[in-house]
Amino acid sequence: VWSVTDPRDGKRVALKKMPNVFQNLVSCKRVFRELKMLCFFKHDNVLSALDILQPPHIDYFEEIYVVTELMQSDLHKIIVSPQPLSSDHVKVFLYQILRGLKYLHSAGILHRDIKPGNLLVNSNCVLKVSEILLDLITDLLGTPSLEAMRTACEGARAHILRGPHKQPSLPVLYTLSSQATHEAVHLLCRMLVFDPSKRISAKDALAHPYLDEGRLRYHTCMCKCCYTTSSGRVYTSDFEPVTNPKFDDGFEKNLTSVRQVKEIIHQFILEQQKGNRVPLCINPQSAAFKSFISSTVAQPSEMPPSPLVWE
Ligand SMILES: [Zn+2]
């Protein structure tokens, strides 16, 4: 991911390269699904595609470049940074995570690759959970019963059964932070339930009193759905919107060959560009291209400052 300037409006955006897309059918399908989702999402707490760069002729079509909003540092970096996180930050972060998750779930999408920072609160499938995190979860919750693990994948089940049997130790949650109030621990306990059918849903978690302050702060000064007039703040009628209709994954059924998917993706990208904006493309002759292609990530100086201090 690079940070670049959109030449059409001068805005800083992120440019993500999806390389080696067409090596095999599995990677083709995965990338197509990701692309479809990025174009489908319309929610302030879910990253979406602002644009896709114009693809070359299909014979030279090997990689895909997606333009997204330029995001600040990820939650993992924020958590491990020396700057302390106030309980207000935690509340507003958790509010936004749940707000985005409620939207994703309403679209019929489960996020299976959530970053370490928020994995504990909302992962619904342990398939991609690192073993370290699995251990952390069972330290808190005790070893889950086989019944609770029925939705877990074979690898995760085997890993847990290999380990020692653990008793739940939720009081340890109080020792994690001096800010661990009863309210916070109550919500955490509802979210740290191994069995997804018994775990609190994103929608219900948002109704927990712990999230009230985060909601207020978000919609008072951070959101795009409410606005301020001379007579005061005008709030949206729906603080945590869902999507209708759901994301339709029916397109995946008839994808059978690399060449076919390549043609469909090529066509899909061209269709996305039928707006009124000039299509963007990469100019490999430009002076910036070499440093662009050899650089790895956006420079920290180009990122918005990490969490603002609130009064
Ligand atoms: Zn709002």
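Here, the structure is the one placed above.
Computed from a predicted model, the values in this text were never measured in an experiment.

(A) Structural view of the overall build of the protein chain. For the protein chain, the helix and strand inventory stands at twelve helices and six strands. Out of the 311 residues in the protein chain, the part that is buried amounts to 40%. Here the protein chain displays about 18,100 Å² of accessible surface, and carbon together with sulfur accounts for 57% of that area.

(B) Structural view of the packing of helix α1 (residues 25-40) against helix α11 (residues 258-272). One way to put it is that α1 packs onto α11 with a least axis distance of 10 Å and a crossing angle of 15°. Comparing the axis directions of α1 and α11 gives the class roughly parallel. α11 is crossed by α1, and the crossing has left-handed handedness. Each of Leu 25, Cys 28, Phe 32, Leu 35, Lys 36 and Cys 39 in α1 lies in contact with α11, whose residues at this interface are Val 258, Val 261, Ile 264, Ile 265, Phe 268, Ile 269 and Gln 272.

(C) How the structure looks around the coordination of the zinc ion. Listed as protein donors to the zinc ion are His 219 (ND1), Cys 223 (SG), Cys 225 (SG) and Cys 226 (SG); their distances from the metal cover 2.1 to 2.3 Å. Metal-centred angles of 99 to 118° between the four donor atoms at the zinc ion mark the site as tetrahedral. Within one chain, the residues serving as donors to the zinc ion are arranged as H-x3-C-x1-C-C.

(D) Geometry of the packing of aromatic side chains. All chains considered together, the criterion is met by nine aromatic pairs. Both rings, one in Phe 32 and one in Phe 251, keep their centres 5.1 Å apart while their planes meet at 70°; by these two values the pair is edge-to-face. Within this pair, whereas Phe 32 is found in helix α1, its partner Phe 251 is found in the loop between β6 (232-234) and α11, the two being separated by 219 residues in sequence. Residue classification places Phe 32 among the buried residues on the basis of a relative accessible area of 2%. For Phe 251, a relative accessible area of 17% translates into the label buried. For the pair Phe 247 and Phe 251, a centre-to-centre distance of 6.1 Å together with 80° between the ring planes defines the contact as edge-to-face. Cluster of aromatic residues (ring-pair linked, three or more members): Phe 32, Phe 40, Phe 41, Tyr 103, Phe 247, Phe 251 and Phe 268. Here Lys 36 stacks its cationic end above the ring of Phe 251, 4.7 Å away from the centre of that ring.

(E) Broad picture of the sheet that holds strand β1 (residues 2-5). The strand order across the open sheet formed by four strands is β1-β2-β4-β3, and the pairing between neighbours is antiparallel. Strand pairing shows two members of the sheet lacking a second neighbour, β1 and β3 (49-52), which therefore form its edges. With direction set aside, neighbouring strand axes in the sheet form an average angle of 35°. Pairing geometry for strand β2 (residues 12-18) and strand β4 (residues 64-69), over six bridges, is antiparallel.

(F) Structural detail: unusual backbone geometry. Residue Pro 245 follows Asn 244 across a cis peptide bond; omega there is 5°. Within the element layout of this structure, Pro 245 appears in the loop between β6 and α11. Its identity as a non-glycine residue notwithstanding, Asn 20 has a phi of 45°, on the positive side. Checked against the element boundaries, Asn 20 lands in the loop between β2 and α1. On the basis of relative accessibility, which here comes to 47%, the residue Asn 20 falls in the partly exposed class.

(G) Main features of the packing of helix α3 (residues 87-106) against helix α10 (residues 212-221). Remark: α3 packs on α10, axes separated minimally by 8 Å, with the N-to-C direction vectors making an angle of 80°. Relative to α10, the element α3 is oriented roughly perpendicular. Counted together, Asp 88, Lys 91, Val 92, Tyr 95, Gln 96 and Arg 99 of α3 and Glu 213, Gly 214, Arg 215, Arg 217, Tyr 218 and His 219 of α10 form the full contact between these two elements.

(H) Just helix α8 (residues 182-191), in detail. Every buried residue of α8 is listed here: Ala 184, Val 185, Leu 187 and Met 191. Around the axis of α8, the buried residues are gathered within 165° of arc, so they sit on the same side.

(I) Focus on the side chain of Ser 48. Considering the arrangement of structural elements, one finds Ser 48 in the loop between α1 and β3. A residue is classified by how much of its surface remains accessible, and Ser 48, at 19% relative accessible area, is buried. Discounting residues that sit within four places of it in the chain, Ser 48 has contacts with Leu 38, Phe 41, Val 67, Thr 68 and Glu 69.

What counts, and at which threshold
- Residues numbered from 1 in each chain as written.
- Predicted model: local features only at pLDDT ≥ 70, side-chain atom pairs only at ≥ 80, totals over all residues.
- Heavy atoms only, no water.
- Helix = DSSP H or I, 4+ residues; strand = E, 2+ residues; numbered from the N terminus.
- Buried < 20%, exposed > 50% of the residue type's maximum accessible area, 1.4 Å probe, protein only.
- Areas by Shrake-Rupley, 256 points an atom, 1.4 Å probe, with all protein chains shown as cover.
- Axes fitted to C-alpha atoms, helices over the stretch in contact; angles between N-to-C directions.
- Parallel < 35°, antiparallel > 145°, perpendicular 65-115°, else oblique.
- Left-handed = near helix turned anticlockwise from the far one by under 90°.
- Contact = heavy atoms within 4.5 Å.
- Donors = N, O, S within 2.8 Å, 3.2 Å for Na, K, Ca; no water.
- Tetrahedral: all angles 85-135°; square planar, octahedral: opposite > 155°, others 65-115°.
- Phe/Tyr/Trp six-rings, centres within 6.5 Å; stacked < 30°, edge-to-face > 60°.
- Lys NZ or Arg CZ within 6 Å of the ring centre and 35° of its normal.
- Pairing = 2+ DSSP bridges.
- Arc of directions from axis to C-beta.

It is worth stressing that arrangement in space is one thing and function is another; only the former is reported here.
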